[in-house]
Amino acid sequence: MEFEHVPVLLAKVVESMDLKADALIVDGTLGLGGYSEAFLKRSPRWRVVGIDRDERARNIACQRLAPFGERFLALDGDFRNIGGLCASVGIRAVDCVVLDLGVSNMQLADGRRGFSFREDGPLDMRMNPAEGTRSASELVNELPRESLADIFRKYGEERFAWSIAGEIVKERLKRPITSTAELVEVIRRGIPAPVMRKMNGHPARKVFQALRVAVNDELGALEQGLDEAFSLLAEEGRLLVVTYHSLEDRIVKRRFREWNEEGKGVLEPRKGQVPDDEEVERNPKSRSARLRGFLKKNVPNKAEGRIGPWRRV
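Bear in mind that the values here come from a model prediction, so they are computed numbers and not experimental data. (Residues numbered from 1 in each chain as written. Predicted model: local features only at pLDDT ≥ 70, side-chain atom pairs only at ≥ 80, totals over all residues. Heavy atoms only, no water.)

## Side note on the pairing of strand S2 (residues 47-52)
- Where burial is concerned, most of S2 is hidden: five out of the six residues are buried.
- Relative to S2, strand S1 (residues 24-27) is paired through four bridges, and the arrangement is parallel. Residue pairing in the sheet places Leu24 in a bridge with Arg47 of S2.
- Crossover handedness for the path S1 to helix H2 (residues 34-42) to S2: right-handed. (Buried < 20%, exposed > 50% of the residue type's maximum accessible area, 1.4 Å probe, protein only. Helix = DSSP H or I, 4+ residues; strand = E, 2+ residues; numbered from the N terminus. Pairing = 2+ DSSP bridges. Right-handed = clockwise from strand over helix to strand, strands pointing away.)

This is how it looks when you write it as structure tokens:
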């Protein structure tokens, strides 16, 4: 099966890097290698370490990037452990870390992975089944209604979370919900018909997002991964993050602002960057994407606080 791979906000990511000639870059969400390939082509002396816990994606990326030889190294793991993974190969500091938090087209297109509400398949959603985490099917069939509704509200911002959770509980009393198609039908029953008729997007989108986030602890991984990435950066190093929904973006925005206020660096670019109309038309997946960047540098006046009634001392 062939997969179209279109890196989101690629031009803006590369423009924001502004690195030295022999920079060492960590692509913390390697995927199929689109970002890494662009980095390696950008400068003949840049080196890239790619991290991904999806074995299939990692193997495809390694084949794609084989022509770059020793300038590219792939590591098996989760970017939440980015510091330890790099230390395992003797890397203590890097010039740039890039994180693209989107789910790859390969994962969505392969119904066997259970990520897609459009493709029928086992209700799984684990990025790496070998890690032993609970699948989406286990959550859907075992959690009480209150816990399911909380997941749908917290991670999917689904306003019909309670009624959808209720339909799930009723359905699983008859038989377990084991496929994505079965779950989609149950979700439809939990949304009022007048609302369904006016919906622009797919009715199952928010619930599937919520389950995926919960199964893979995506927000916890992001919190930990940001701190690990910052610690790994050398002075004047850059952290660039592409988010796809408000939950991720709020975490990144808040953490960058905290570091800025603590005098640990500056927002660069100063505001979140979004795709232009041409990119959105070419790649609809990019519509919700936002790029945020942080430059690690000592800013003493911010760390100490300015003298005056409007600032602490």
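Now that the structure is up, let's keep going.
## Concerning the packing of aromatic side chains
- Taken as a whole and assessed by the stated rule, the structure comprises seven aromatic pairs.
- Residues Phe117 and Phe208 carry aromatic rings whose centres are separated by 5.8 Å and whose planes lie at 90 degrees to one another, so their mutual orientation is edge-to-face. Taken together, the residues Phe117 in the loop between helix H5 (105-109) and helix H6 (136-142) and Phe208 in helix H11 (residues 205-215) connect sequence positions 91 residues apart.
- Phe208 sits in the buried class, given a relative accessible area of 2%.
- Taken together, the aromatic side chains of Phe230, Phe256, Trp259 and Phe294 make up a single cluster linked through ring pairs.
- Lying over the aromatic face of Phe230, Lys296 brings its terminal NZ or CZ to 4.6 Å of the ring centre. (Phe/Tyr/Trp six-rings, centres within 6.5 Å; stacked < 30°, edge-to-face > 60°. Lys NZ or Arg CZ within 6 Å of the ring centre and 35° of its normal.)

## Re the UniProt feature "binding site: S-adenosyl-L-methionine" (unreviewed entry) in the protein
- In the numbering adopted here, UniProt assigns the feature "binding site: S-adenosyl-L-methionine" (unreviewed entry) to Gly33, Gly34, Tyr35, Asp52, Phe79, Asp100 and Gln107.
- Along the polypeptide, Asp52 turns up in strand S2.
- A relative accessible area of 13% means that Asp52 is categorised as buried.
- Apart from residues lying up to four places away in sequence, Asp52 is in contact with Thr29, Leu30, Gly31, Arg58, Leu75, Asp76 and Gly77.
- Among the polar contacts made by the side chain of Asp52, one reaches the main-chain amide nitrogen of Gly31 at a distance of 2.7 Å.
- Here Asp100 is to be found in strand S4 (residues 94-100).
- If sequence neighbours within four positions are ignored, Asp100 has contacts with Thr29, Tyr35, Val242 and Tyr244. (UniProt positions renumbered as here; feature names shortened; annotations may be inferred. Contact = heavy atoms within 4.5 Å. Polar contact = N/O pair within 3.5 Å; in protein donor to acceptor, adjacent residues only side chain to side chain.)

## Observations regarding the pattern of salt bridges
- By the definition in use, this model includes 29 salt bridges.
- Put simply, Lys170 and Glu167 hold a salt bridge, and the shortest N to O gap is 3.2 Å. Remark: Glu167 and Lys170 occur in helix H8 (residues 161-174); sequence separation between them is three residues, near one turn of the helix.
- Between Arg238 and Glu268 there is a salt bridge whose closest N-O contact spans 2.7 Å. (Salt bridge = Lys/Arg side-chain N within 4 Å of Asp/Glu carboxyl O.)

## With respect to the side chain of Ser16
- Relative to the assigned elements, Ser16 resides in the loop between helix H1 (10-15) and S1.
- Assessed through its relative accessible area of 15%, Ser16 is described here as buried.
- Beyond its immediate stretch of four places on either side in the chain, Ser16 contacts Arg238, Leu240, Pro269 and Leu291.

## Describing unusual backbone geometry
- Between Glu268 and the following residue, Pro269, the backbone shows a cis peptide bond with an omega angle of 10 degrees.
- Phi is positive for Leu9, which is not a glycine, with a value near 55 degrees.
- Structurally, Leu9 can be placed in the segment before H1.
- In this structure, Glu236 takes a positive phi of about 70 degrees despite not being glycine.
- The residue Glu236 is located in strand S5 (residues 233-243) in this model.
- Note on Glu236: relative accessible area 46%, which makes it partly exposed.

## Considering the nonpolar core
- Core analysis: the biggest nonpolar cluster contains 63 residues, and Phe152, Leu226 and Leu239 have the highest contact counts within it.
- With residues up to four places along the chain from it excluded, the contact list for Leu226 reads Leu99, Leu239, Val241, Ile251, Val252, Arg255, Phe256 and Trp259. (Core = buried A, V, L, I, M, F, W, Y, C linked by side-chain atoms within 4.5 Å.)

## Some details on the environment of Asp277
- Looking at where Asp277 falls in the secondary structure, it is placed in helix H14 (residues 277-282).
- Sequence-wise, Asp277 and Lys264 are 13 residues apart; in three dimensions their C-alpha atoms are separated by 34 Å.

## Some points on the environment of Leu148
- With respect to the secondary-structure elements, Leu148 resides in helix H7 (residues 145-156).
- A residue is classified by how much of its surface remains accessible, and Leu148, at 0% relative accessible area, is buried.
- Distance in space between the C-alpha atoms of Leu148 and Ala66 is 44 Å, their sequence separation being 82 residues.

## A short note on the sheet that holds strand S6 (residues 265-267)
- The strand order across the open sheet formed by seven strands is S3-S2-S1-S4-S5-S7-S6, and the pairing between neighbours is mixed. Taken across any chain shown, the strands that pair with only one partner, and hence form the sheet edges, are strand S3 (72-76) and S6. Going across the sheet, the axis of each strand differs from the next one's by a mean of 15 degrees, ignoring polarity.
- Relative to S3, S2 is paired through five bridges, and the arrangement is parallel. When the bridges of S3 are listed, Val48 appears paired with Phe72.
- Docked against the sheet, helix H12 (residues 218-232) engages S1, S4, S5 and strand S7 (290-296), running at close to 150 degrees with respect to S5. (Axes fitted to C-alpha atoms, helices over the stretch in contact; angles between N-to-C directions.)

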